[in-house]
Amino acid sequence: MHEIRRRHLLAGAAAATLGGPALAQGFPDRPVRVIVPFGPGGGTDNLVRLIDPHVRAALGQPLVIENRAGAGGTIGGEVVARAPADGYTMLIVDSSIAINPSLFPRLPYDTEKDFAPVSLLATGPVLLLAHPSLPVTSLAELVAMAKARPGQLSYASGGNGASTHLAGELLKMVAGIDLVHVPYRGTGPATTDVVAGHVPLMFNGISAARPHVDAGRLGAIAVTGDRRAPALPDVPTFAEAGLPDVTASTYWGALVPAGTPPAAIEKLSEALRVGVRHLDVQERLTALGFVPIGGTPAEYAANLRSETAKWAEVVRKANVKLD
């Protein structure tokens, strides 16, 4: 049996013998370790640190936040997958958790079997951006130009397999257009080159793109999501612009090792919901381009199944390969 899975089942069985009610009353009685599998200052890190004060107040214990970046989030994921299944180690991750199983031939864990969902925290729409030198102001104009000039327009991304790459591949598939992918080592360098006009197009998150949009350095063509983003209310959604199947929003959620007692999961889930739904936090998250959710373990489990299947199809059809 998979070694990580075996240890979690044993830990879960041992915890169950203690009794759910007793655990619920005593948990947590020490700090909870929170692994962020990306560097400081990114979207995931910002989300965690915004909700931190309210989550720790709800739990009655501090959160110890650790940034364990690298390998598309898999390094931090492995830390949590190998941790004791006792509720004291939690992973906060973005959509990479649903994308990585299709990208990496061998992960150091089984994404489906080695984690238990805790909460779907938030979603974040992404923008399709164009340099002002490109003579388009709408998605229809861009698609028409791309069809008239197949293989002549390019888009930048944060690297092969990055969410900004797969969003572009999804657009190509849905719209039936041929764009050339230009990968960079990170979304920051990609944004710099698009702002400089070296590459005409890219997908990016609202928090990173908004200063350039507000200053006129980039044009916002369309945004993913079911409704317009409050941070950029004048930008139409892909559905409004005629391509409702471009659903490339990012999702953030919390996971714990599989086998964690249900009572501990529910305590953590409740505390995370308190943090995300706090009025001040919602206002700040919305301003940064997040859409707060604060969902249940079941809601996050359903989201992971849906997103994993969707991105597996995109990776397969686009024949995406890692560097």
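In what follows, the accompanying structure is described. (Residues numbered from 1 in each chain as written. Predicted model: local features only at pLDDT ≥ 70, side-chain atom pairs only at ≥ 80, totals over all residues. Heavy atoms only, no water.)

### A look at the nonpolar core
Logical step 1: Membership of the largest hydrophobic core comes to 33 residues, with the highest contact counts inside it found for L128, L134, L171, L179, F238 and L243.
Logical step 2: Breaking this core down by element, the ones donating at least two residues are α5 (96-103), β5 (126-130), α6 (139-148), β6 (153-157), α7 (163-175), β8 (201-205), β9 (219-223) and α12 (297-318).
Logical step 3: Sequence-distant contacts of L179, that is, excluding residues within four places in its chain, are made with A146, L153, Y155, L171, K172 and L201.
Logical step 4: Ranked by size, the runner-up nonpolar core spans 31 residues in total, among them L47, I51, Y88 and L268. (Core = buried A, V, L, I, M, F, W, Y, C linked by side-chain atoms within 4.5 Å. Buried < 20%, exposed > 50% of the residue type's maximum accessible area, 1.4 Å probe, protein only. Helix = DSSP H or I, 4+ residues; strand = E, 2+ residues; numbered from the N terminus. Contact = heavy atoms within 4.5 Å.)

### Section: α5
Logical step 1: Counting buried residues in α5 gives 6 out of 8 residues, a clear majority hidden from the surface.
Logical step 2: Within the span of α5, buried status applies to S96, I97, A98, I99, N100 and L103.
Logical step 3: Where α5 is buried, its residues touch α4 (74-81), β3 (89-93), β4 (115-124), α7, β10 (250-257) and α12.

### Observations concerning α7
Logical step 1: Along its 13 residues, α7 runs 18 Å from first to last C-alpha, staying within 8% of the 18 Å computed at 1.5 Å per residue.
Logical step 2: α7 sits mainly inside the fold: 10 of its 13 residues count as buried.
Logical step 3: Residues of α7 that are buried: T164, H165, L166, A167, G168, E169, L170, L171, K172 and A175.
Logical step 4: G176 sits one or two positions beyond α7 and adopts a positive phi of about 70°. (Expected span 1.5 Å × (residues − 1).)

### Digging into the sheet that holds β9
Note on sheets: strands pair through backbone hydrogen bonds, and any given pair is parallel or antiparallel.
Logical step 1: Taken in spatial order, the 5 strands of this open sheet run β7-β6-β8-β5-β9, and their pairing is mixed. Two strands bound the open sheet, and with one partner strand each, they are β7 (179-183) and β9. Across the sheet, the axes of successive neighbouring strands diverge by a mean angle of 30°, strand direction being ignored.
Logical step 2: Across 2 bridges, the pairing between β6 and β8 is parallel. Note that in β8 the partner of A156 across the bridge is M202.
Logical step 3: Sitting on the sheet, helix α8 (residues 187-195) is in contact with β6 and β8, with an inclination near 135° to β8.
Logical step 4: Docked against the sheet, helix α9 (residues 206-214) engages β5, β8 and β9, running at close to 120° with respect to β8. (Pairing = 2+ DSSP bridges. Axes fitted to C-alpha atoms, helices over the stretch in contact; angles between N-to-C directions.)

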